[in-house]
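Fold and contact review
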Amino acid sequence: MSRTLLVCLTLLLCPSAILSAADLPQFQASDWPWWRGLHRNGVASASQNPPVKWSATENVIWKSAVPGRGYGSPTVYKNQVFLASADTEQETQFVLCFDRQTGKQLWKTDVFKGGLSTKGNKKSTHASSTVACDGERVFINFINNGAAYTTALSLDGKQLWQTKITDYIIHQGYGSSPAIYGPLVIVSADNKGGGAIAGLNRTDGKIVWKNERPKTPNYPSPIILNVAGKEQLLMTGCNLVTGMNPLTGKILWEIDGATTECVTSTVSNGELILTSGGYPKNHMSAVKADGSGEVVWENSTRVYVPSMLVKDDYIYSVTDNGVAICWDIKTGKERWKGRLGGTFSSSPVMVGTRIYVTNEAGETYIFRANPDKFVMISENKLGTEVFATPTIVDSRIFMRVTEEVDGKRQEMLYCLGSK
């Protein structure tokens, strides 16, 4: 199969599009500009001290009603908090912006009206992607009218451009989030009709490069990590593990593996990357990203939806059915297991040696990133349903939760912090 559909012409005609990897936005530790945070690995600044206890009344700085339904996580930049959502009754998909200090809704921009599919897993939504911000614009992915689109908005909510990435056949749903790298916003849309991963110019949305993908459903977001001495764009699933040059889309190496359907965003210790999938089989592996494609170890643990964490050559994960596990990343040896409880779709976030993870019932468990033993710190309950991963910055926790208000489902955005 021909992988690269469009690369050289754009770069030759537009030399300004060839910017160095250093052309990244400058963010503060208090910003969480895209999925899984500034370092794309779920690790928050260790210098902060978010609360370990809360409830609907305890340690609540503010809460705001969120119209519609979505599972994308909060994106925080300076004084703004961004969320994607969708209203099936109004048939709209939109982006919301809230004031970081007060929770006041600043704006709501409809990206699509009509065109929503009735297909998909009952846990999926029409707004499961997380907004990305480059300091000047925000970007969001939506599936609408049988295709995947990336849309850019200004920080005050005006639509700047919209680009169709590929036709899209919904199987379970869609939740791939945009990734910012240098001059590009990188997006993926794997699906059983034959998907794509593409690098778009952040300024005008023009496609700089685009690679075809196999005709299989798959759900990870593109992740860029520094592995084996260079920054690589990493994708798992479609029965492949792939490392690419994020500026050009050139495939650096590719091996069979990782099962057909994956959801988690890969993590790394700088030498190995972790893959995990859940269909047609449960599968985890540690793969060298130096081009050799060597699989160092593998097992059959089901870490299908919640992404993993890596700290000091140890992996910390939570299985879909609520078991916390620590492994040695170099050997795959299990260090310990600890029972949490419930079913998990949200991913864990690490702050220093604390790991925060929330199950689908809104129960958040906080335990230690300690390779020697499982140590639970606290448990907290908020809302009736949580699928979105919390965002933890500046000693505050931004959580998207569902509550029952007057007998009806209502999503809320909470800002939690010590008072």
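Residues numbered from 1 in each chain as written. Predicted model: local features only at pLDDT ≥ 70, side-chain atom pairs only at ≥ 80, totals over all residues. Heavy atoms only, no water.

Some details on the overall build of the protein
Within the protein one finds one helix and 34 strands. Across its three principal directions, the C-alpha atoms of the protein cover 55 × 50 × 40 Å. Looking at the protein as a whole, 61% of its 419 residues are labelled buried. Within the protein, contacts between residues separated by at least 24 positions form 53% of all contacts whose residues are at least 6 apart in sequence. Entry remark: accessible area of the protein is about 16,000 Å², with carbon and sulfur atoms responsible for 47%. For the protein, the centre of its 43 positive side-chain charges and the centre of its 38 negative side-chain charges are spaced 1 Å apart. (Helix = DSSP H or I, 4+ residues; strand = E, 2+ residues; numbered from the N terminus. Buried < 20%, exposed > 50% of the residue type's maximum accessible area, 1.4 Å probe, protein only. Contact = heavy atoms within 4.5 Å. Areas by Shrake-Rupley, 256 points an atom, 1.4 Å probe, with all protein chains shown as cover. Lys, Arg positive; Asp, Glu negative; His and termini not counted. Charge placed at Lys NZ, Arg CZ, Asp CG, Glu CD.)

A few points about the nonpolar core
Counting 40 residues, the largest nonpolar core has Y168 and L200 as its most contacted members. Not counting chain neighbours up to four residues away, the residues in contact with L200 comprise T150, W161, T163, I165, P183, L184, V185, V187, G205, K206, I207 and V208. By size, the runner-up hydrophobic cluster in this structure holds 29 residues, among which are V66, Y356, M412 and Y414. (Core = buried A, V, L, I, M, F, W, Y, C linked by side-chain atoms within 4.5 Å.)

Side note on the sheet that holds strand β5 (residues 80-87)
Spatially, the four strands line up as an open sheet ordered β4-β5-β6-β7, and their pairing is antiparallel. Among the strands making up the open sheet, the edge pair consists of β4 (75-77) and β7 (105-113). Geometrically, the sheet is characterised by an average inter-axis angle of 25° between neighbouring strands, direction not taken into account. Sheet analysis places β5 next to strand β6 (residues 92-99), joined by eight bridges and oriented antiparallel. By the bridge assignment for β6, A84 is matched with V95. (Pairing = 2+ DSSP bridges. Axes fitted to C-alpha atoms, helices over the stretch in contact; angles between N-to-C directions.)

Thoughts on the packing of aromatic side chains
For the coordinates displayed, the defined rule picks out 15 aromatic pairs. Judged by centre distance (5.6 Å) and plane angle (50°), the rings of F367 and F374 are tilted. Among the residues examined, F367 registers a relative accessible area of 1% and is labelled buried. Using a relative accessible area of 25% as the deciding quantity, one classes F374 as partly exposed. (Phe/Tyr/Trp six-rings, centres within 6.5 Å; stacked < 30°, edge-to-face > 60°.)

Topic: the pairing of β7
Across seven bridges, β6 lies against β7 in antiparallel orientation. Paired with Q93 across the two strands is F112, which belongs to β7.

Observations concerning the sheet that holds strand β34 (residues 408-416)
One open sheet holds the four strands; their spatial order is β3-β34-β33-β32, and the pairing between them is antiparallel. Of all the strands in the sheet, the pair left with one neighbour each is β3 (60-66) and β32 (391-393). In this sheet, adjacent strand axes meet at a mean angle of 30° when their direction is disregarded. Summarising the sheet, β32 and strand β33 (residues 396-405) pair through three bridges and their orientation is antiparallel. Each bridged residue has a counterpart across the sheet, and for T391 the counterpart in β33 is F398.

Remarks on unusual backbone geometry
Omega for the peptide link from Y279 to P280 comes to 5°, which places this bond in the cis form. Of note, P280 is situated in the loop between β21 (272-279) and β22 (283-288). Of note in the backbone geometry, D312 takes a positive phi value of approximately 55° without being a glycine. Tracing the backbone through its elements, the reader meets D312 in the loop between β24 (309-311) and β25 (314-318). Exposure remark for D312: the relative accessible area of 60% places this residue in the exposed category.

With respect to the pattern of salt bridges
Inspection of every chain in the model, using the stated rule, returns 16 salt bridges. Across the salt bridge formed by K288 and E294, the nearest N and O atoms sit 3.3 Å from each other. Exposure remark for K288: the relative accessible area of 30% places this residue in the partly exposed category. Residue classification places E294 among the partly exposed positions, given a relative accessible area of 39%. Connected via shared salt-bridge partners are D134, E136, R137 and R202. (Salt bridge = Lys/Arg side-chain N within 4 Å of Asp/Glu carboxyl O.)

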